[in-house]
Amino acid sequence: MSPEPTLRLRIDTQALANNWRELDRMSGVASAGAAVKADCYGLGVDQCVPTLRDAGARCFFVAHWSEVAALRAYVDGAQIAVLHGPIRDSDVAYALETGAVPVINSLDQARRWTEGTYGTNAKCHLMIDTGINRLGVAPEELSDPAIAALNIDIVMSHLASADEDSAMNTRQSAAFRDCLARVSHNRASLANSAGIGLGTDYAFDLTRPGLSLYGGVPRTELSEVIKQVAHVQAAIIQTRVLKAGDAVGYNGEFTAKRPMRVGTVSLGYADGFLRVRGPGTSLMADDRALPLLGKVSMDMVVVDLTGADDLGEGDWLELPFHLPDAAQQSTVSQYELLTTLGQRFAR
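Residues numbered from 1 in each chain as written. Predicted model: local features only at pLDDT ≥ 70, side-chain atom pairs only at ≥ 80, totals over all residues. Heavy atoms only, no water.

> Can you tell me about the packing of helix H5 (residues 89-98) against helix H6 (residues 107-116), naming the residues and giving the values?
Direction vectors running N to C along H5 and H6 enclose 50°, while the axes themselves pass 10 Å from each other. As judged from the angle between their axes, H5 and H6 are oblique. For the crossing formed where H5 meets H6, the hand is right-handed. Only Arg112, Trp113 and Gly116 of H6 make contact with H5, whose side of the interface consists of Asp89, Val92, Ala95 and Leu96. (Axes fitted to C-alpha atoms, helices over the stretch in contact; angles between N-to-C directions. Helix = DSSP H or I, 4+ residues; strand = E, 2+ residues; numbered from the N terminus. Parallel < 35°, antiparallel > 145°, perpendicular 65-115°, else oblique. Left-handed = near helix turned anticlockwise from the far one by under 90°. Contact = heavy atoms within 4.5 Å.)

Here is the structure:
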């Protein structure tokens with residue numbers, strides 16, 4: 001058996017289920033899917049996908065074809081959509097084998113899909129670029145025969161500035177509505193997590209929440225309903241007493257002004273706790289704040305144990321991980337806080 005880890009990531013599955021249900025409710029007559037790409041934004045497919053499925057999610061979105069296999073054991077009967085689409089013939093073959101549904105992003109992908117699925121009438125989704133200029137066919141390409149040949153389930157687009165009160169949101173919504181009248185489809189989808197916060201005018205038939213499922217709050221409209229899902233804990237691996245004048249860590253950015261007891265904690269930038277998060281951050285022991293001292297190292301940080309004489313090697317500390325607060329404190333985006341979590345956490 002492996003030794004007990006010194007990093008833990010606790011996933012509050014009740015909070016995760018609550019978040020999906022609230023986002024589904026806020027979607028009005030539309031239903032909510034679930035973006036589970038990047039290993040459920042870093043929190044783990046094995047932990048999150050069964051919870052989302054049991055909460056009611058029936059349409060799951062990943063970015064890469066390589067992400068499909070991990071989902072298949074959990075979402076039998078539900079739909080897995082691959083956002084990057086079929087860029088190779090082998091992607092088409094894999095979609096037919098697994099039942100995953102590609103999102104068509106270009107005329108080349110449309111032709112590749114139609115040719116590779118000839119005679120099957122296999123369904124796909126279609127991404128229309130309404131202004132973010134990443135993936136998607138241009139509105140003026142919708143009249144191309146390659147688009148008319150597709151069996152389209154969901155027509156979708158992606159909002160560029162839904163986390164802001166931007167005129168871009170209205171322009172994209174209007175452009176999307178105009179496009180819907182020009183292409184045959186079953187369902188329409190525009191809103192991500194922030195888009196759900198914009199209101200039901202943006203919901204159409206299906207919403208695609210991601211960040212807010214996992215505790216992110218991109219708009220204030222979501223702040224009262226979204227609960228924290230990820231709880232990060234790290235163990236103390238050594239304690240020591242500094243003398244006045246002792247410096248801590250790389251470049252000696254902290255120097256003790258008096259004798260003080262400190263603890264070295266098993267957490268560093270290799271675990272997603274980036275150096276920019278260090279200044280002003282404290283780890284928590286119940287309700288006690290233990291300030292970080294000096295620079296964040298790859299595998300370690302040092303905390304002030306003044307007034308915490310009961311804590312020693314092997315004791316667990318918690319990293320505050322309420323995403324809106326952590327993002328504001330560190331300037332690291334809520335998305336990056338989640339997706340940079342390392343692989344050394346026991347989940």
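> Provide a residue-level description of empty space enclosed by the protein, including the pertinent values.
Overall, the coordinates contain one cavity of 30 Å³ or more when judged by the stated rule. Within this model, the largest cavity holds a volume of roughly 30 Å³. Among the residues forming the lining of the largest cavity, the class breakdown is six nonpolar, one polar and two charged. (1 Å grid on protein atoms, 1.4 Å probe; cavity = no way out; pocket = protein on both sides within 12 Å on 5 of 7 lines; lining within 4 Å. Points joined across faces, edges and corners; volume = space filled by probe spheres on them. Nonpolar A, V, L, I, M, F, W, Y, C, P; charged D, E, K, R; others polar.)

> How would you explain the pairing of strand E6 (residues 101-104) if you had to name every residue and give the values?
Burial along E6 is two-sided: the face carrying Val101 and Val103 and the face carrying Pro102 and Ile104 are both buried. By the bridge criterion, two bridges tie strand E5 (residues 79-82) to E6 in an arrangement that is parallel. Bridge pairing in E6 links Ala81 to Val101. For the crossover from E5 across H5 to E6, the handedness is right-handed. Relative to strand E7 (residues 123-127), E6 is paired through two bridges, and the arrangement is parallel. Note that in E7 the partner of Val103 across the bridge is His125. (Buried < 20%, exposed > 50% of the residue type's maximum accessible area, 1.4 Å probe, protein only. Pairing = 2+ DSSP bridges. Right-handed = clockwise from strand over helix to strand, strands pointing away.)

> Help me get a handle on the environment of Arg88, residues and values and all.
Here Arg88 lies in the loop between E5 and H5. Taking the C-alpha atoms as reference points, Arg88 and Arg182, separated by 94 residues in sequence, lie 27 Å from one another.

> Let's hear about the nonpolar core: which residues, and what values?
Within the largest apolar cluster, 97 residues are counted, with the highest numbers of intra-cluster contacts made by Val36, Leu43, Leu52, Leu126, Ile147 and Tyr214. By residue number, the principal contributor to this core is helix H1 (residues 13-26), which donates six residues. With sequence-adjacent residues up to four places away left out, Leu52 is seen in contact with Leu16, Trp20, Ala34, Val36, Ala57, Phe60, Leu213 and Tyr214. Membership of the second largest hydrophobic core comes to nine residues, among which are Ala81, Met127, Ile154 and Met156. (Core = buried A, V, L, I, M, F, W, Y, C linked by side-chain atoms within 4.5 Å.)

> Before we move on, could you go through the packing of aromatic side chains and cite the residues and values that matter?
One pass over the structure, following the stated rule, counts three aromatic pairs. A centroid spacing of 6.3 Å and a plane angle of 85° characterise the contact between Trp65 and Tyr94, whose relative ring orientation is edge-to-face. Of the two residues, Trp65 is situated in the loop between strand E4 (59-62) and helix H4 (68-72) and Tyr94 in helix H5; the sequence distance between them amounts to 29 residues. Classification of Trp65 by relative accessible area gives buried; the value is 11%. Overall, the relative accessible area of 23% leaves Tyr94 in the partly exposed class. (Phe/Tyr/Trp six-rings, centres within 6.5 Å; stacked < 30°, edge-to-face > 60°.)

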